[in-house]
Each structure stands twice: as structure tokens, then as C-alpha cells.
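# What the coordinates show
Okay, here's what each chain looks like letter by letter:
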Amino acid sequence: MAVIEDVSSLGTELERSYPVYVRGRLKFRVKQIVYVAFSLDETVMGFAFPKEERAALVAGEPHKFQLPSASDMRFNWIHADLAALDPTEARELVVDAWRMVVPQKLSRAYDLARPHGV
């Protein structure tokens, strides 16, 4: 079971990323692009995710993942129930979301600094 503390440190660890609070909700940004946001009660994590892969992810694990609200379907976004994720999986989802909003050279540098997913 993942909790917000399992991933909140990434908001400052990942290059160009920073945490912000908007209306009491923790969000991670790169510049002005939000790539992860938590619900007020910190039970749901919304994160950047390829639109074309959303339906398959939700269909494969509906107990973990949900489509965003109708108004957010135009964005590369999906929701996850934090309690259904393990901490490692939650961190991987945050890193993958970050990869969607940074230049590829930063993503490659991150991989080189952590060989074999360490």
C-alpha cells in the first residue's frame, strides 16, 4: 500500500521538478506543467500518462487505475488509487510521468545515474 510520503520526496529529487500546493493539494511541476497531483484526502494520485495507453491500463487493472474526469480526458492524464499501489510502483509512475514533461537528455541522465532501476 503506497502513501503520499512514498513519492513526495521525488518532487525535489527529480531534476527541474518542484512541489507546489494548489488549494491544499500537493502537485509536482516542471516549469508550469503539472505531471502529478494528489487529491485533497491524499488517496488518489493523478499523473501524466499517454492518452493512447489509458484504456488498456484501466481495463487491465481497474482496481488500481481510473480514467480522469470527462473534462480532463483531453490531457495526457490518468488516476490511481494509492492504496492499491505498492510504494515502488507509485514511485515508478511518478518518474514515468516526469519523463513525459522533461527533455529526453534529462531522462537519459536519470537512467545513467541509476543503473538497473536502482
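Residues numbered from 1 in each chain as written. Predicted model: local features only at pLDDT ≥ 70, side-chain atom pairs only at ≥ 80, totals over all residues. Heavy atoms only, no water.

## Here we look at the sheet that holds strand E5 (residues 65-66)
Spatially, the six strands line up as an open sheet ordered E1-E2-E3-E4-E6-E5, and their pairing is antiparallel. On the outer flanks of this sheet lie strand E1 (17-22) and E5, each paired with one strand and no other. In this sheet, strand E3 (residues 33-38) lies alongside strand E2 (residues 25-30) in antiparallel orientation, the contact comprising four bridges. Across the sheet, the residue bridging to Val30 is Ile33, located in E3. Packed onto the sheet, helix H2 (residues 51-60) meets E5 and strand E6 (77-81) and runs at close to 20° relative to E6. Packing against the sheet, helix H3 (residues 87-99) makes contact with E1, E2, E3, strand E4 (44-48) and E5, and its axis sits at approximately 35° to E4. (Pairing = 2+ DSSP bridges. Helix = DSSP H or I, 4+ residues; strand = E, 2+ residues; numbered from the N terminus. Contact = heavy atoms within 4.5 Å. Axes fitted to C-alpha atoms, helices over the stretch in contact; angles between N-to-C directions.)

## Focus: the nonpolar core
By size, the foremost hydrophobic cluster in this structure holds 32 residues, and its most contacted members are Tyr35, Met45 and Phe47. Mapped onto this core, the elements with two or more residues apiece are E2, E3, E4, H2, E6, H3 and helix H4 (104-113). Non-local contacts of Phe47, meaning those with residues more than four positions away in its chain, are made with Tyr35, Val36, Phe65, Asn76, Trp77, Ile78, His79, Ala80, Leu93 and Ala97. (Core = buried A, V, L, I, M, F, W, Y, C linked by side-chain atoms within 4.5 Å. Buried < 20%, exposed > 50% of the residue type's maximum accessible area, 1.4 Å probe, protein only.)

## Regarding H4
Within H4 the residues assigned to the buried category are Leu106, Ser107 and Tyr110. The arc that holds every buried residue of H4, seen down its axis, measures 100°, which confines them to one face. Away from its buried face, by an angle of more than 90 degrees, H4 presents the exposed residues Gln104, Lys105 and Leu112. Among the structural elements, H3 are those in contact with the buried residues of H4. (Arc of directions from axis to C-beta.)

## Considering H3
For H3, spanning 13 residues, the distance from its first C-alpha to its last is 19 Å, which sits close to the expected 18 Å at 1.5 Å a residue. Taken together, the buried positions of H3 are occupied by Glu89, Ala90, Leu93, Val94, Val95, Ala97 and Trp98. Backbone nitrogen of Thr88 and a side-chain oxygen of the N-cap are separated by 3.0 Å at the start of H3; the cap is Asp86. (Expected span 1.5 Å × (residues − 1). Polar contact = N/O pair within 3.5 Å; in protein donor to acceptor, adjacent residues only side chain to side chain.)

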